[in-house]
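The primary structure of each chain is shown beneath.
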Amino acid sequence: MLKLHGFAVSNYYNMVKLALLEKGLPFEEVLFFGGQAADALKISPRGKVPVLETEQGFLSETAVILDYIEQTQGGKPLLPADPFARAKVWELAKEIELYIELTVRALYPQAFFGAEVPENIKAKAWPELLAGLAALKRAGTFAPYVAGDSFTVADIYFVFSVDLACLVGKKVFGVDVLEDFPQARELLGLLAQNPHMAGINEAKAAQFPTFLEQVVKARGV
């Protein structure tokens, strides 16, 4: 059986978890916070989350894991069969990750953990976030899903990245970043109704106090 190592507060962990649930695959969850300890680095070379344990060994990096699952497991397809259409889905997923999720990640300390992010970092992140959302608006189909009429990997990245961008926009900048992007807002609403999302969000909320303890411990506070 596949084993998913990570923790429920991680959006990347939840991306893989949602994929496994959508495909109807049996898997075991293993609590793993990552880090630079020797035992963590044995299964994740950079100490990152998530990690997928297979019969052949461990895999890290979310895109790699999602691609492996799609290529080796049955269940509901999360990528088109046509090579070009498949590539376009990955293109959208990577745009969301690189230009939205990673952009706002620099602001998570202020948005979620009570720290103050330097003004120069906020000044850099804000136009990059707007540019990322504008690119997604141009490239996405939203009919009703990011890449068309089917739920794909692009929607998995979307639901666990754009939601955080919205929170960062409100908490750090006092702005609704989707004010001029109703298609994205509607899709977030649609994906919130996914029956698997309730369980994922419940697990996230339940584990958040433990996650905060790990953050404090890592910072040596």
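Residues numbered from 1 in each chain as written. Predicted model: local features only at pLDDT ≥ 70, side-chain atom pairs only at ≥ 80, totals over all residues. Heavy atoms only, no water.

In the nomenclature of an unreviewed UniProt entry, the protein chain is known as Glutathione S-transferase of Pseudomonas japonica.

S.K.: Would you mind showing me how to read the environment of Asp-163 here?
M.R.: Structurally, the position occupied by Asp-163 is in helix 8 (residues 162-173). Residue classification places Asp-163 among the partly exposed residues on the basis of a relative accessible area of 25%. For the pair formed by Asp-163 and Glu-213, sequence separation is 50 residues and the distance between their alpha carbons is 24 Å. Ignoring any residue separated from it by four or fewer positions in sequence, one finds Asp-163 in contact with Phe-158 and Leu-188. A polar side-chain atom of Asp-163 sits 3.2 Å from the main-chain amide nitrogen of Ser-161. (Helix = DSSP H or I, 4+ residues; strand = E, 2+ residues; numbered from the N terminus. Buried < 20%, exposed > 50% of the residue type's maximum accessible area, 1.4 Å probe, protein only. Contact = heavy atoms within 4.5 Å. Polar contact = N/O pair within 3.5 Å; in protein donor to acceptor, adjacent residues only side chain to side chain.)

S.K.: How do you make sense of the pattern of salt bridges when you look at a structure like this?
M.R.: Where side chains of opposite charge bring their charged atoms close, a pairing between them can arise. Using the criterion set out here, one finds eleven salt bridges in the structure. As a salt-bridge pair, Glu-97 and Lys-94 come within 2.5 Å of each other at their nearest N and O atoms. Pair noted here: Glu-97 and Lys-94 are both in helix 4 (residues 83-105), with a separation of three residues, about one helical turn. For Glu-97, a relative accessible area of 12% translates into the label buried. Lys-122 serves as the salt-bridge partner of Glu-116, at 3.1 Å between the closest nitrogen and oxygen. With a relative accessible area of 8%, Lys-122 lands in the buried category. Within the structure, one salt-bridge network assembled from shared partners comprises Glu-116, Glu-119 and Lys-122. (Salt bridge = Lys/Arg side-chain N within 4 Å of Asp/Glu carboxyl O.)

S.K.: Whenever I open this one, the domain arrangement of the protein chain confuses me. Can you help?
M.R.: Size of an interface, as often reported, equals the accessible area lost when the parts are brought together. Per the domain assignment, the segments making up the protein chain are domain 1 (2-77) and domain 2 (83-192). Relative to domain 2, the C-alpha centre of domain 1 lies at a distance of 22 Å. Facing 14 residues of domain 1, the contacting portion of domain 2 comprises 15 residues. Taking both partners together, domain 1 and domain 2 bury about 1,100 Å²; carbon and sulfur atoms supply 67% of that area. When the area that domain 1 buries against domain 2 is broken down by residue, the three leading residues are Asn-11, Tyr-12 and Met-15, summing to 43%. Along the contact surface separating domain 1 from domain 2 lie zero salt bridges. At the boundary of domain 1 and domain 2, one finds five residue pairs in polar contact (both at pLDDT 80 or more). (Domains from an automatic or database assignment. Buried area = accessible area lost by both parts, 1.4 Å probe.)

S.K.: Help me understand the packing of helix 1 (residues 11-22) against helix 3 (residues 62-72) in this model?
M.R.: Contact pair helix 1 / helix 3: the axes reach a minimum separation of 10 Å and the direction vectors enclose 5°. Regarding the angle of helix 1 to helix 3, the classification is roughly parallel. The segment helix 1 lies against helix 3, with Tyr-12, Met-15, Val-16, Ala-19 and Leu-20 engaging Thr-62, Ile-65, Leu-66 and Ile-69. Within the contact of helix 1 with helix 3, the residues separate by chemical class into eight nonpolar, one polar and no charged. (Axes fitted to C-alpha atoms, helices over the stretch in contact; angles between N-to-C directions. Parallel < 35°, antiparallel > 145°, perpendicular 65-115°, else oblique. Nonpolar A, V, L, I, M, F, W, Y, C, P; charged D, E, K, R; others polar.)

S.K.: Just checking my understanding: could you explain unusual backbone geometry for this structure?
M.R.: Glycine aside, residues mostly have negative phi angles, and peptide bonds mostly take the trans form. With omega at 5°, the peptide bond leading from Val-49 into Pro-50 counts as cis. Examined against the element boundaries, Pro-50 turns out to sit in the loop between helix 2 (38-43) and strand 3 (51-54). Cis geometry is found at the peptide bond from Ala-143 to Pro-144, where omega equals 0°. Within the secondary structure, Pro-144 is located in the loop between helix 6 (119-139) and helix 7 (153-159). Even without being a glycine, Glu-61 presents a positive backbone phi close to 75°. When you line up the elements, Glu-61 lands in the loop between strand 4 (57-60) and helix 3. Owing to a relative accessible area of 38%, Glu-61 belongs among the partly exposed residues under this scheme. We note that Phe-142 has phi near 55°; this positive angle belongs to a residue other than glycine.

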